[in-house]
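Inside the fold
What follows is the residue order along each chain.
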Amino acid sequence: MRIDVVTIFPAFFDVLEVSLLGRARGAGLLDIRVHDLREHATDRHRTVDDTPYGGGAGMVMKPEPWALALDEIAAAGHDAEDAASGPLFLFPSPAGERFTQSLAREWSHEPHIVFGCGRYEGIDERVFSYAATIGRVRLVSLGDYVLNGGEVAAMAMIEAVGRLVPGVVGNPESLVEESHEDGLLEYPSYTKPASWRGYEVPDVLLSGHHGRVAQWRRDQQVERTRTRRPDLLPE
Ligand code: JEB
């Protein structure tokens, strides 16, 4: 999978060199390229923002540097003229649809994703219309809280999508048991020692009775989901 990121803070993405995704990049499973939007600025001060039409607080990202950056990225690797066969452009935005595990699953099959990371009050709206002429466009939100820009959200989405790409996570079975894959929260986990600072591992987990262990874990999943995330349960 190829992933391009456009940002005014390329250094944010240095962490993609470590851990699981760093190894996947080294192994050639993920081809992640980070681009500095300022390299596409058109003035000598490398300006990427300007005041908002209609007034109001803050600054808005100018459209032209975005168009130049997205054109350059889409040109490399896409010959077709139709937007449907172009890359998937993902713009993190507090005004986007909610990012979910189901979208991560869907997007893990994409050959080419481009993240556009805004800053300030966001990106001139016409950039989304322009991007839709060279690829498919989605505005996506990490959740209902305010970030200063799209970088942290893009990083979360890169990790959530990237780890579902075949070969990135060593044991694919570990993927199916996780929270949000079966619509319930995970059951609690324990490791050695069985007794630690006066806290005990539940007896059932030491019983060696696989059926009872499975039933206990399922009960824990349902109970935790009911108390912590009732929104995930049907009625
Ligand atoms: C994403 C961004 C800003 C209003 C307030 C703040 C570009 N879950 C999320 N919260 N905030 C963002 C997000 C996601 N995904 C987010 C991109 C940008 C916030 N800002 C700051 C803009 N408008 C600028």
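We now turn to the structure provided with this report. Computed from a predicted model, the values in this text were never measured in an experiment.

If you walk across this open sheet you meet the five strands as β2-β1-β6-β5-β7, and the pairing is parallel. Strands at the two margins of the open sheet, each flanked by one partner only, are β2 (31-36) and β7 (136-141). With direction set aside, neighbouring strand axes in the sheet form an average angle of 30°. In the sheet, strand β5 (residues 88-98) pairs with β7 via seven bridges, with the strands oriented parallel. Across the sheet, the residue bridging to Phe 91 is Leu 139, located in β7. Of the strands in this sheet, β1 (2-7), β2, β5, β6 (112-116) and β7 are in contact with helix α5 (residues 151-162), which crosses β6 at around 160°.

Here we come to the nonpolar core. Residues Phe 13, Leu 30, Phe 99, Trp 107, Ile 113, Phe 115 and Ile 158 are the most contacted members of the largest nonpolar core, which totals 31 residues. For this core, the secondary structure elements donating two or more residues are β1, α1 (19-26), β5, α3 (101-107), β6 and α5. With seven residues, the top contributor of residues to this core is α5. Membership of the second largest hydrophobic core comes to 18 residues, among which are Met 61, Ala 69, Phe 89 and Phe 128.

Quick look at the pattern of salt bridges now. A side chain with one charge can pair with a side chain of the opposite charge if their charged atoms come near. According to the stated counting rule, one finds ten salt bridges in the structure shown. In this structure, Asp 4 engages Arg 2 in a salt bridge whose closest nitrogen and oxygen atoms are separated by 2.7 Å. Neither residue differs from the other here; Asp 4 and Arg 2 are each classed as buried. The partner of Glu 151 in a salt bridge is Arg 119, with the nearest N and O atoms 2.9 Å apart. Separated by 32 residues along the polypeptide, Glu 151 in helix α5 and Arg 119 in the loop between β6 and α4 (126-131) bring together distant segments of the chain. Arg 119 matches Glu 151 in its accessibility class, with the two residues each being buried.

What follows covers the packing of aromatic side chains. As enumerated under the stated definition, the model contains five aromatic pairs in all. Seen in terms of ring centroids, Phe 9 and Phe 12 are 6.1 Å apart; in terms of plane orientation they differ by 50°. Their pairing is tilted. We classify Phe 9 as partly exposed; its relative accessible area is 37%. Aromatic ring contacts, followed pair by pair, group Trp 66, Phe 91 and Phe 128 into a single cluster.

In this structure, the largest pocket encloses a volume near 510 Å³. In terms of lining, the largest pocket is formed by 25 residues, of which the most central are Pro 92, Ser 93, Pro 94, Glu 121 and Gly 122. Among the elements that line the lining of the largest pocket, the one with the most residues is β5, at five residues. Of the residues assigned to the lining of the largest pocket, the class counts are 14 nonpolar, eight polar and three charged. There is about 270 Å³ of room inside the second largest pocket. Every residue along the wall of the second largest pocket is listed here: Arg 98, Phe 99, Thr 100, Gln 101, Ser 102, Leu 142, Tyr 145, His 180, Arg 229 and Leu 232.

What counts and what doesn't
- Each residue is numbered by its place in its chain's sequence as written, counting from 1.
- With pLDDT at 70 or above as the cut-off, local features in this predicted model cover only qualifying residues; side-chain atom pairs require 80 or more to be listed or tallied, and sums for whole chains, interfaces and linings still use all residues.
- The basis for every side-chain value is the complete set of heavy atoms in the structure, and neither hydrogens nor water enter the calculation.
- Paired strands are those between which DSSP finds at least two bridges.
- Every helix listed is a DSSP run of H or I at least four residues long, and every strand listed is a run of E at least two residues long, numbered separately from the N terminus.
- Think of each axis as a best-fit line through the C-alpha atoms, taken over the contacting stretch in the case of a helix, with angles from 0 to 180 degrees between the N-to-C directions.
- By the convention used here, residues are in contact when the closest approach between their heavy atoms is within 4.5 Å.
- Only buried Ala, Val, Leu, Ile, Met, Phe, Trp, Tyr and Cys residues count toward a nonpolar core, and they belong to the same one when joined by side-chain atoms within 4.5 Å.
- Summary of the burial criterion: residues with accessible area below 20% of their type's maximum are buried, those above 50% are exposed, and those between are partly exposed, where the area comes from a 1.4 Å probe applied to protein chains only.
- For this analysis, a salt bridge means a side-chain nitrogen from Lys or Arg found within 4 Å of a carboxyl oxygen belonging to Asp or Glu.
- Pairing of aromatic side chains here covers Phe, Tyr and the six-membered ring of Trp, requires ring centres within 6.5 Å, and sorts the geometry by plane angle: under 30 degrees stacked, over 60 edge-to-face, intermediate tilted.
- In this analysis a 1.4 Å probe is tested at points of a 1 Å grid over the protein atoms alone, and where it fits but cannot get out there is a cavity; an open set with protein on both sides within 12 Å along at least five of seven lines is a pocket; lining residues have an atom within 4 Å of a point.
- Grid points are joined across faces, edges and corners, and a volume is the space filled by probe spheres set on the points.
- Gly is placed with the polar residues, together with every amino acid not listed as nonpolar (Ala, Val, Leu, Ile, Met, Phe, Trp, Tyr, Cys and Pro) or charged (Asp, Glu, Lys and Arg).

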